[in-house]
Amino acid sequence: MKGRYFTFYPGLCVLLIPLGAIARKNGAPCARCPRNAHCTNATSCRCDPGFTSLSGKVIFSTSSEVCTDINECGPPLYMSCGSLAHCRNVEGGYYCECAPGHELLSGGTKFQSDKENTCQDVDECSSGKHQCHNTTRCINVKGSYRCYCHHDWVARSRTLHGLNLTICEEVPFSTWTSPYGVNSQSLSHFFDKVQQLSQDFKPALAKNTIQDLVQGIDELLETPGDLETLAPPEQHCVATHLLIGLEDILRGLSKFLPDGPLNVHAPAGTELSLKVQEQGTGDVTLGQSQTKMQLNWDVAQESSDFGASVVGLLSTPGMSKLLGEVPLVLDPKQQEVLHEHKGLLGEASPVLLSDVNSAFMSNKNTQNLSSPVTFIFSHHSVTPGPMHKVLCVFWERGQGGCGHWSTTGCRLVATGDSSTTCQCTHLSSFAVLMAHYDVQQEDPVLVVITYVGLGLSLLCLFMAALTFLLCKAIQNTSTSLHLQLSVCLFLAHLLFLTAINQTKIKVLCAIIAGALHYLYLASFTWMLLESLHLFLTARNLTVVNYSSMSRFMKKIMFPVGYGVPALIVAISAASRPHLYGTPTRCWLHTDKGFIWTFLGPVCTIFSINLVFFLMTFWIVKSKLSSITSDVSTLKNTRMLTFKATAQLLILGCTWCLGLLQVGPAAHVMAYLFTIINSLQGVFIFLVYCLLSQQVLEQYRKWFRGLRKTKAESEKYTLSSGTLSDASKHSVALHSSDPSHVPHSEHLLPDITESAVPKP
């Protein structure tokens, strides 16, 4: 028993230690007090500060008493916190805090009396503590702030992460007005209706506004009035303005619509199908009577936007009235496919098979979509012929505000008699076209003329170059000019004949095109120097000593003849190197006027040559009218003028005929161009070699020397045979007398000399 007691006692002491501490604190054993109260003596209790007994007694002894919180902020106390502050009651006390929109000067949040009150207004707008959307304008007011929309903007409510926010949207009609420079009463009347819709617009009536807009565009396209009298380029500009404006306005108006689909049908066939969905996911399909569009909601949702996603499709059959004679631009890949089959788009305008459909979505960045959009077009039954091609196209806005059809970013998936499926990686206005293309079949006659003529020219140019180089009797400045011209033309024609079609390796093709560019420019530059030399010769006709003129020509001809073409080609290659070489020929591309880096200098040189020729002709005519005894000088000058005239016609008219290959006479001009151009070398050899007396005399000397060499060779063979027979006979008759043996060095000169004809 005793052991148990002492064993239990330490645990009991642990339990009694807190009670003993309380008793010592109050100075006496404590009575049993209620919550929020404490002992005053052994038998009485008192409520803690901030509390009062339910009976109103300050000291009480009954255990059933209750201590309740005193509301210092309410009657009858009403603790004063001062202005711009509120009293906040808490259990057993209170505190003061600044009113909303205010804060203590110290930056604290609580204080106890009006003496500590330093509350002042907070500028939420400048401090960034407001909750206005970035589309709104924040204005600070005393103790708060307000969010306002800009002028011509309207407010709409959207929920983001559980918060109901007010954002502002620009009224879609505010900037859509009639295009500048287009005079049309029908168009002005339509935009008057648009401005009226803008003035009457209310977010709650967005659906009615959309219906009125579709009705208005339907009426305009049904009866375009004076729009049909505009020139085609102006009609294309109007169509671009309408298509782009409708996309932007319908995208903006649809944001005010509730979730769900909306379909609008106008009497003339204009249709609108759109769908609004809060944070849409998965695929969405919009269907109309003639068109169906399929895409993913993730594509439609703009990354920086929130709220509902919008997808819409507008079909405007009447828009085709404004899209006549619209040019079509193929993307590079389709151009290469056509060129591989030797096809080019025909001059006839493409035919619209489907309605013009404009697609839009809440995501404005639609130039490079993450996944393609599929369009299924229904159209009237058509069977493309062998010279026709069905294309999926979109309307691309040009730099001048107008536009054209383009295939970039769109591909044909499948096509049938009355249905075509397309896929595009961007959004705009789409349609299906049937384009006519011409298969370029080379004229076999022209091919034969080209190869035969260039072959003869190469042979004649080679012989002419050898003549100018080896014929000493005609060595002068004029001959040097002829030689350089012949060399340049020979190399140009040879490269053209062997490498113009080497298009498989693009780098090699570009090098070939650059070389041809340089060689033909050099040929025309030497032609210019020929004309200049002719003019200077005629001007100094009465001067016997031409040394000063010759020195001048020798100084300038090589730097000009080879340096100027090199400078032109270097600048062209540095500015646009990718335009050297085309898919079908290793020649200059026609894009961006690049072909004029060749045609420009050629036309300039031809014009200068013509001026020099006319001036030379006038000088010669004047000299002939006052002829003197120096007839030979005039005769030589007339022959030189004739030769230059022939060369001017050969080179100049060739390329002039090339520029005239248009219209009904194109076929005839093509034949003339090919014949004259391919025979350039033949005519140069004819004029400067075969019609030259000095050259013909040199040819005769060369021919006589050749015959003489041949005769000498034959006589040498004959003398060798005779010598052999004589030796044998002499040995047989005089074998005993060696002094009678004849020597060859004695016989050969006689035989050889007798073989040489006497002069």
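It should be emphasised that the depicted structure is a prediction, and the values quoted were computed from it without experimental measurement.

(A) Quick look at the overall build of the protein. Along the backbone of the protein there are 17 helices and 28 strands. Here the contacts in the protein between residues at least 6 apart in sequence split such that 61% fall between residues at least 24 apart.

(B) Looking closely at the packing of aromatic side chains. Enumeration according to the criterion identifies 12 aromatic pairs in this entry. The interplanar angle of 80° and the centroid separation of 5.1 Å between the aromatic rings of Trp 587 and Phe 598 together place this pair among those described as edge-to-face. Of this pair, Trp 587 sits in the loop between helix H11 (547–575) and helix H12 (596–625) while Phe 598 sits in helix H12, and the two are 11 residues apart along the sequence. Judged by relative accessible area, Phe 598 falls into the buried class, the value being 2%. Judged by centre distance (5.8 Å) and plane angle (45°), the ring pair of Tyr 699 and Trp 702 falls under tilted. Here Tyr 699 pairs with Trp 702, and both are found in helix H16 (residues 693–733), just three residues apart, close to one helical turn. Its relative accessible area of 37% is what places Trp 702 among the partly exposed residues.

(C) Fine view of the sheet that holds strand E4 (residues 59–60). Read from one edge of the open sheet, three strands run E1-E2-E4, paired in antiparallel fashion. Every interior strand has two partners, whereas the edge strands, strand E1 (37–39) and E4, have only one.

(D) Region of the structure containing helix H5 (residues 232–254). With 23 residues, H5 extends 33 Å from end C-alpha to end C-alpha; this agrees with the ideal 33 Å at 1.5 Å per step. The buried fraction of H5 is high, at 17 of 23 residues.

(E) Local environment of the pattern of salt bridges. The tally for this structure, following the rule as stated, stands at seven salt bridges. Asp 248 is the salt-bridge partner of Arg 251, the closest N and O atoms lying 3.0 Å from each other. Here Arg 251 pairs with Asp 248, and both are found in helix H5, just three residues apart, close to one helical turn. The exposure class of Asp 248 is partly exposed, given its relative accessible area of 42%. Taken together, the shared-partner salt bridges connect Glu 697, Arg 700 and Arg 704 into one network.

(F) Representation of the pairing of strand E16 (residues 283–287) in the model. Burial along E16 is one-sided: the face carrying Val 284 and Leu 286 is buried and the face carrying Asp 283, Thr 285 and Gly 287 is not. Pairing geometry for E16 and strand E17 (residues 291–296), over five bridges, is antiparallel. Looking at E17, one finds that Gly 287 is bridged to Lys 292. Taking the residues that link successive antiparallel strands as the turn, the E16-E17 hairpin has three residues.

(G) Up close: helix H8 (residues 444–470). Look at H8: 39 Å from first C-alpha to last across 27 residues, which is about the 39 Å you get at 1.5 Å a residue. If you check which residues of H8 are buried, you get Leu 446, Gly 453, Leu 454, Ser 457, Leu 458, Cys 460, Leu 461, Ala 464, Ala 465, Thr 467 and Phe 468.

(H) Fine view of the packing of helix H3 (residues 185–199) against helix H4 (residues 206–222). Interhelical geometry of H3 versus H4 gives an angle of 175° and a closest axis separation of 10 Å. As judged from the angle between their axes, H3 and H4 are roughly antiparallel. For the pair H3 and H4, the contacting residues are Ser 186, Leu 187, Phe 190, Lys 193, Val 194 and Leu 197 in the first and Thr 209, Asp 212, Leu 213, Gly 216, Ile 217, Glu 219 and Leu 220 in the second. For the contact of H3 with H4, the residue count by class is seven nonpolar, three polar and three charged.

(I) The state of the cysteines, seen in detail. For the structure on display, the rule yields 10 disulfides. One disulfide bridge connects Cys 73 with Cys 87, the sulfur atoms lying 1.7 Å from each other. Its S-S torsion of approximately -65° makes the covalent link between Cys 73 and Cys 87 left-handed. In this pair, Cys 73 is assigned in the loop between strand E5 (67–69) and strand E6 (85–90) and Cys 87 in strand E6, connecting sequence segments 14 residues apart.

(J) The arrangement of the environment of Ser 428 in detail. Its location among the elements puts Ser 428 in the loop between strand E27 (419–424) and strand E28 (429–439). Overall, Ser 428 belongs to the buried group, its relative accessible area being 12%. For the pair formed by Ser 428 and Ile 244, sequence separation is 184 residues and the distance between their alpha carbons is 8.1 Å. In contact with Ser 428, not counting residues within four places along its chain, are Glu 247, Asn 357, Ser 358, Ala 359, Phe 394 and Trp 395. At a separation of 3.0 Å, a polar atom in the side chain of Ser 428 contacts the main-chain carbonyl oxygen of Trp 395.

(K) A look at the sheet that holds E17. Ordered by their spatial adjacency, five strands build an open sheet running E16-E17-E23-E27-E26, and the pairing between neighbours is antiparallel. Two strands close off the open sheet at either side, each with one partner strand: E16 and strand E26 (410–415). When strand polarity is set aside, the average angle formed by the axes of neighbouring strands in this sheet is 20°. Looking at chain direction, strand E23 (residues 373–378) and E27 are connected through six bridges and run antiparallel. Directly across from Thr 374, in E27, lies its bridge partner Gln 423.

(L) Structural context of the environment of Phe 394. Along the chain, the position of Phe 394 falls in strand E24 (residues 388–397). Taking C-alpha positions, Phe 394 is 9.4 Å from His 426, a pair spaced 32 residues apart along the chain. If we skip the residues at most four places from it in the chain, Phe 394 touches His 404, Trp 405, Ser 406, Thr 408, Cys 410, His 426, Ser 428, Ser 429 and Phe 430.

(M) Structural context of the pairing of E26. In the sheet, E26 pairs with E27 via five bridges, with the strands oriented antiparallel. Pairing of Ala 414 across the sheet is with Thr 421, part of E27.

(N) Structural context of the nonpolar core. Of all hydrophobic cores here, the largest spans 57 residues; its most connected members are Phe 468, Trp 526, Phe 598, Trp 655 and Cys 689. The leading source of residues in this core is helix H10 (residues 506–539), at 16 residues. With residues up to four places along the chain from it excluded, the contact list for Phe 598 reads His 517, Tyr 520, Leu 521, Trp 587, Leu 588 and Trp 655. Judged by nonpolar contacts, the second largest core, of 51 residues, contains Leu 220, Leu 274, Ala 308 and Leu 330.

(O) Region of interest: the side chain of Ser 531. Take Ser 531: it is sitting in helix H10. Given the relative accessible area of 8%, Ser 531 is considered buried. With near-sequence residues (within four places) excluded, Ser 531 lies in contact with Asn 609 and Phe 612.

(P) Quick look at the confidence of the model for the protein. Summarising the model, the protein shows a mean pLDDT of 77, and 75% of its residues fall at 70 or more. In this model residues 340–348 is a low-confidence stretch, pLDDT under 50, and it forms 22 contacts with partners more than four residues away in sequence or in other chains.

(Q) Quick peek at a nonpolar patch on the surface. The grouping of Leu 459, Phe 462, Met 463, Leu 466, Leu 469, Leu 470 and Trp 702 at the surface amounts to a nonpolar patch, some 650 Å² of accessible area in total. A total of six residues in the nonpolar patch trace back to one element, the largest contributor, which is H8. Position of Leu 469 relative to the elements: it lies in helix H8.

Calculation rules
Residues numbered from 1 in each chain as written. Predicted model: local features only at pLDDT ≥ 70, side-chain atom pairs only at ≥ 80, totals over all residues. Heavy atoms only, no water. Helix = DSSP H or I, 4+ residues; strand = E, 2+ residues; numbered from the N terminus. Contact = heavy atoms within 4.5 Å. Phe/Tyr/Trp six-rings, centres within 6.5 Å; stacked < 30°, edge-to-face > 60°. Buried < 20%, exposed > 50% of the residue type's maximum accessible area, 1.4 Å probe, protein only. Pairing = 2+ DSSP bridges. Expected span 1.5 Å × (residues − 1). Salt bridge = Lys/Arg side-chain N within 4 Å of Asp/Glu carboxyl O. Axes fitted to C-alpha atoms, helices over the stretch in contact; angles between N-to-C directions. Parallel < 35°, antiparallel > 145°, perpendicular 65-115°, else oblique. Nonpolar A, V, L, I, M, F, W, Y, C, P; charged D, E, K, R; others polar. Disulfide = S-S within 2.5 Å. Polar contact = N/O pair within 3.5 Å; in protein donor to acceptor, adjacent residues only side chain to side chain. Core = buried A, V, L, I, M, F, W, Y, C linked by side-chain atoms within 4.5 Å. pLDDT = per-residue confidence, 0-100. Patch = residues over 30% accessible without salt bridge, like charges linked within 9 Å, V, L, I, M, F, W, Y side chains within 5 Å. Areas by Shrake-Rupley, 256 points an atom, 1.4 Å probe, with all protein chains shown as cover.

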